[in-house]
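Okay, here's what each chain looks like letter by letter:
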Amino acid sequence: MVNRKAIGYITANYTSKDKSALLESRPLASCPFMGRYRLIDFPLSNMMNAGIRTVGVVLPGNYRSLVDHLGSGREWELDRKKGGLFLLQGSAYGTAKHGLRFLLRDIIANKMMFQRASEPYVVMSATNIVFNMNLSDVIDAHERSGAGITMIYTHADRDVDDATRLNIGDCGRVQAVDHGCPYGDNEFLDCFVISRDVLLDICESYASADYLDLFEAIQDDFGRIDVCSYEFKGLAVGMFNEETYYKRSMEMLNPDIMHQLFTHDRPVMTKAHDVAPAKYATGSNACNSFISAGCHIQGTVRNSILSRDVVVESGASVSNAIIMQSCVIKRGARVDNAIIDKNNVIPANTELRGTPDDTLVVPKVPLS
Amino acid sequence: MSKKECIAMLLAGGQGSRLGALTSKIAKPAVSFGGKFRIIDFSLSNCANSGIDTVGVLTQYRPYQLHEYVGSGRAWDLDEHGAGVSILPPYATQDGGTWYAGTADAITQNLDYIKGHDPAYVLILSGDHLYRMDYRKMLESHIEHGADLTVSVMPVPWEEASRFGIITANPDDGRIEKFTEKPEKPDSNLASMGIYIFSTDILVQALEDDALDQRSSHDFGKDIIPKLLAEGKRLYTYEFHGFWKDVGTISSFHETSMDLLGENPEFDLFDKSFPVMSNDSTRPPHFIGPDGRLDDCLVSNGCRIYGSVKHSILSTDCVVGERAIVEDSVLLPGAIVKDGAHVVRAILGENAIVEEGVKLGSVDSTKDTAVVGNDVVIGKGE
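Being a predicted model, the structure only gives us computed values, none of them experimental.

Student: Please provide a residue-by-residue account of the overall build of chain A, values included.
Tutor: Within chain A, the secondary structure is distributed over 10 helices and 28 strands. Relative to its length of 368 residues, chain A is compact, with a C-alpha radius of gyration of 21 Å against a globular reference of 21 Å. Summarising its shape, the C-alpha atoms of chain A cover approximately 65 × 45 × 35 Å along the three principal directions. Across the 368 residues in chain A, those meeting the buried criterion constitute 60%. About 14100 Å² of surface is accessible on chain A, with carbon and sulfur atoms providing 48% of the total. If the 38 positive side-chain charges of chain A are averaged to one point and the 44 negative ones to another, these points end up 8 Å apart.

Written out as structure tokens, the structure is:
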């Protein structure tokens, strides 16, 4: 069902505060995840499944891979006559900072999108934390409560030093936000519903503080604006640097966990490719792994996630690894505890070995 | 001057009755094949890869899934202004309406579509054949010969020749001398592949004549081609060498599926120079469990494999339970083999379920391949 109540706004111009070879060639929003997805697929799909048909995506400076992935937005029902996908300008500064991911300056720069909309609410989301949630329920709850803002949070399933903690008081009212969220506390999922008139008012009233994040700018006025909270009880997977990206990807190798992200009633959509099914040769040995279409498996694959068109030759062995699109692991090569970015050819009989706590990362190979 | 050089008419209305349970609910061109494809993908991809941007898809038998699948033709990059895919089911007129009575009648009823596009040539295709073919080369040959009709042919083993429409042609220039449907004693082993290129004026004339002929069965192979030949028209062969299969029966469906497996299959689904495109459903990568085993298999997105699978094809979203064994089988999308079940030499229809511990199929290749229809549940004692 098309939702006439809300439009979407995704801040895809943030990166990790830690330097990473994975993010040299792409923004975090287009970082591959679970073989065939990119992180931005999750907020886009949540919005799609809530019936949102107008979404603005704030682009980073290095937007090539992101724009390639988004195309016309068709996969997320966003190639439309009315509404659809809007590519928005964003600032390149401050995008690597800790914590909050809704820079006021970017919101103000794209104010026209909010002025033109007829829908009363805006769902705003970053791309670091992926989850599969029924956002219609949040929009309805926001409407019923009459709040200005409804922030979505979960009880942190570990210490997350780069997430935002919500200090929640009586009746679920948010009293303050601060940086870093310990285990069990209220972890902001970088996703919230805001009434459009409240948003436009903030753009006017706080314009002089546009170098701040939205929530920093309004922090003294939470009570007046009426900032509510909404608890999400499902799985939320936050990825803020290489270490959490690797760990959280490996945790997905449990189907019970994985199925919390990929449900049939709320599908996660992504750009489709014409790739044949994966092919397993006689003598291949694969277990406890996610393997994408187009892969050729002749050797051994264990506890790993493979993107499309990866070749693992016979006698080669891949374990505890994330192998991205079009890599070739040659005969007799061994890869363990590693992330191998796109287009790498690992020569025969070589060994690439990280440790569980110190993952080896091999950067993407540029096309020659 | 024609507006377009060549358009394609794709015959996709047949029931495919010899596929039995697999086509009880959907048309044959919409049957899943090769893991993530449907049979019609191969012809539509050939059109797209050959630069043919206008394709009329003639449908009749249980067309809903087929219509939905083909849609605007976008999945094959065939959604173009003034061109693209048009779905052409039978329709009513002021004089009433009739079903398509034969392959030629289906085209006759859509002559307005052809005339509207005003092409110089019309390519007639079947929506149920598996092959990769660049129709541009066949069209070049048609133009070079100054032909009225070009029939694509391929040599078949002599012992199988009586199953096909057999063409006898002049070995020097390929001009067709004789065409016999399923001859008892073939004098040639060149079989018609059911792929025709007509010069449009010849096609229109032949179809209009045929429509008036009360004795005609309105079939290209049985009526149109013999008649054109008798009239002394210029009919030529275009010889094709390569993989071409009509998966018209359960045994050929099973056998052709198995042909996709192995080290160097004759039909390479992975060939990216002439890709087979499909209307993909976005599903996550497949998962192989801790005790899963895959040996000589094609496995599609969304599958979950906890048991052992050997020499088989798993289509999108199939599940093989713990300790289950699947051998020499084809699982169509959404088929489930539950824990401890044993499936051998079988085709499981879409969303079919084989319950826990059930044994299905036989290794004995003299016995028929086991077939389970779409949505059918096989429990113990069935």
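We are not done yet, so read on.
Student: Account for the packing of aromatic side chains, naming residues and giving values.
Tutor: For any pair of aromatic rings, the description rests on two quantities: the centre-to-centre distance and the angle between the ring planes. What the rule picks out here adds up to 26 aromatic pairs over all chains. Seen in terms of ring centroids, F102 of chain A and F215 of chain A are 6.3 Å apart; in terms of plane orientation they differ by 80°. Their pairing is edge-to-face. Of the two residues, F102 of chain A is situated in the loop between β5 (84–88) and α3 (104–109) and F215 of chain A in helix α7 (residues 214–217); the sequence distance between them amounts to 113 residues. Considered together, F102 of chain A and F215 of chain A belong to a single accessibility category, that of buried residues. A connected cluster of aromatic rings, assembled from ring pairs, spans F33, F37, F42, F243, F253 and F267 of chain B.

Student: I'd love a proper account of the sheet that holds strand β18 (residues 304–305) of chain B, names of residues and values included.
Tutor: By definition, the strands of a sheet pair up through backbone hydrogen bonds, in either a parallel or an antiparallel sense. Sheet architecture is open: 11 strands sit in the order β28(A)-β25(A)-β22(A)-β19(A)-β16(A)-β16(B)-β18(B)-β20(B)-β23(B)-β26(B)-β29(B), paired in mixed fashion. Unpaired on one side and paired on the other, β28 (360–362) of chain A together with β29 (377–378) of chain B mark the two borders of the sheet. When strand β16 (residues 289–291) of chain A meets strand β19 (residues 305–306) of chain A, the two strands line up parallel, connected through 2 bridges. Bridge pairing links F290 of chain A to I305 of chain A in β19 of chain A.

Student: Which residues make up the sheet that holds strand β27 (residues 351–353) of chain A, and what are the values?
Tutor: All names here are of chain A. Strands sit in the order β15-β18-β21-β24-β27 across an open sheet of 5 strands; the sheet is parallel. Two strands lie at the open edges of the sheet, namely β15 (285–287) and β27, each paired on one side alone. Taken pair by pair, the neighbouring strands of this sheet meet at an average axis angle of 5°, ignoring direction. Sheet analysis places strand β18 (residues 300–302) next to strand β21 (residues 317–319), joined by 3 bridges and oriented parallel. If you follow R302 over to β21, its bridge partner there is S319.

Student: Any details on the interface of chain A and chain B? Residues and values, ideally.
Tutor: Contacts between the two partners involve 40 residues from chain A and, on the opposite side, 41 residues from chain B. A buried area of about 3100 Å², summed over both sides, lies between chain A and chain B, and 52% of it is on carbon and sulfur atoms. In this structure, the connection of chain A to chain B is made through 2 salt bridges. Our count for the chain A to chain B interface comes out at 20 residue pairs in polar contact (both at pLDDT 80 or more). Where the side of chain A that touches chain B is concerned, the elements lending two or more residues are α10 (255–261), β14 (278–280), β15 and β16 of chain A. Taken together, the residues of the side of chain A that touches chain B break down into 21 nonpolar, 14 polar and 5 charged.

Student: So what about the pairing of strand β4 (residues 54–58) of chain A? Which residues, and what values?
Tutor: Residue and element names in this part refer to chain A. Of all 5 residues that make up β4, 5 are buried, and the element is covered over most of its length. Burial along β4 is two-sided: the face carrying T54, G56 and V58 and the face carrying V55 and V57 are both buried. Bridge count for strand β1 (residues 6–11) against β4 is 4 bridges, and the pairing is parallel. Along β4, the bridge assignment pairs T11 with V58. With 5 bridges connecting them, β4 and β5 associate as parallel partners. Counterpart to V55 in the pairing with β5 is L85.

Student: Can you tell me about helix α7 (residues 220–230) of chain B, naming the residues and giving the values?
Tutor: Residue and element names in this part refer to chain B. Of all the residues in α7, the buried ones are F220, G221, D223, I224, I225, L228 and L229. By the N-cap criterion, in which a side-chain oxygen at the helix start approaches the backbone nitrogen of a residue two or three places on, α7 is capped by D219, the distance to G221 being 2.9 Å. Directly after α7, the chain includes G232, whose backbone phi takes a positive value near 80°.

Student: Hey, could you go over the domain arrangement of chain A for me, with residue numbers and the actual values?
Tutor: Residue and element names in this part refer to chain A. Split by domain assignment, chain A resolves into domain 1 (6–252) and domain 2 (279–362). Between the C-alpha centres of domain 1 and domain 2 the distance comes to 33 Å. Listed per partner, the contact involves 15 residues of domain 1 and 20 residues of domain 2. With both chains or domains summed, domain 1 and domain 2 bury close to 1300 Å², and 64% of this area falls on carbon and sulfur atoms.

Student: Explain the pairing of strand β17 (residues 293–299) of chain B to me, and be specific about the residues and the numbers.
Tutor: In terms of residue burial, β17 of chain B counts as a mostly covered element, since 5 of its 7 residues are buried. Here β14 of chain A runs beside β17 of chain B; their pairing, made up of 3 bridges, is antiparallel. Counted as the bridge partner of K279 of chain A is L298 of chain B from β17 of chain B. Sheet analysis places β17 of chain B next to strand β19 (residues 308–314) of chain B, joined by 6 bridges and oriented parallel. Across the sheet, the residue bridging to R293 of chain B is S308 of chain B, located in β19 of chain B.

Student: Any details on the pattern of salt bridges? Residues and values, ideally.
Tutor: Inspection of the entire model under this criterion finds 39 salt bridges over all chains. Linking D280 of chain B and K36 of chain B is a salt bridge whose minimum nitrogen-to-oxygen distance equals 3.4 Å. You can see D280 of chain B sitting in the loop between α8 (250–259) and β16 (286–288) and its partner K36 of chain B sitting in the loop between β2 (32–33) and β3 (37–38), a full 244 residues away along the chain. We note a salt bridge from K245 of chain B to D259 of chain B, for which the minimum N-O separation is 3.3 Å. One end of the pair, K245 of chain B, is in strand β15 (residues 244–246); the other, D259 of chain B, is in helix α8, and 14 residues separate them in sequence. Residues joined by salt bridges that share partners form a network here, namely D157, R158, R248 and E251 of chain A.

Student: Before we move on, could you go through the environment of F270 of chain B and cite the residues and values that matter?
Tutor: Along the chain, F270 of chain B falls in the loop between α8 and β16. For F270 of chain B, a relative accessible area of 19% corresponds to the buried category. F270 of chain B sits 147 residues away from L123 of chain B along the chain, and the two C-alpha atoms are 26 Å apart. With residues near it in sequence (within four places) discarded, F270 of chain B still touches A276, P277, K279, G294, C295 and H296 of chain A together with L298 of chain B.

Student: I'd like a rundown of the side chain of N337 of chain A, residues and numbers included.
Tutor: All names here are of chain A. Tracing the chain through its elements places N337 in the loop between β24 (334–336) and β25 (338–340). Given the relative accessible area of 7%, N337 is considered buried. The contact partners of N337, leaving out residues within four places of it in the chain, are Y246, S319, N320, G354, T355, P356, T359 and L360.

Student: So what's going on with helix α5 (residues 135–145) of chain A? Residues and values would help.
Tutor: Among the residues of α5 of chain A, L135, S136, V138, I139, A141 and H142 of chain A are the ones counted as buried. Positive phi appears at G146 of chain A, one or two residues downstream of α5 of chain A, with a value of about 70°.

What counts and how
Residues numbered from 1 in each chain as written. Chains lettered and ligands numbered in written order. Predicted model: local features only at pLDDT ≥ 70, side-chain atom pairs only at ≥ 80, totals over all residues. Heavy atoms only, no water. Helix = DSSP H or I, 4+ residues; strand = E, 2+ residues; numbered from the N terminus. Rg over C-alpha atoms; globule rule 2.2 N^0.38 Å. Buried < 20%, exposed > 50% of the residue type's maximum accessible area, 1.4 Å probe, protein only. Areas by Shrake-Rupley, 256 points an atom, 1.4 Å probe, with all protein chains shown as cover. Lys, Arg positive; Asp, Glu negative; His and termini not counted. Charge placed at Lys NZ, Arg CZ, Asp CG, Glu CD. Phe/Tyr/Trp six-rings, centres within 6.5 Å; stacked < 30°, edge-to-face > 60°. Pairing = 2+ DSSP bridges. Axes fitted to C-alpha atoms, helices over the stretch in contact; angles between N-to-C directions. Contact = heavy atoms within 4.5 Å. Buried area = accessible area lost by both parts, 1.4 Å probe. Salt bridge = Lys/Arg side-chain N within 4 Å of Asp/Glu carboxyl O. Polar contact = N/O pair within 3.5 Å; in protein donor to acceptor, adjacent residues only side chain to side chain. Nonpolar A, V, L, I, M, F, W, Y, C, P; charged D, E, K, R; others polar. Domains from an automatic or database assignment.

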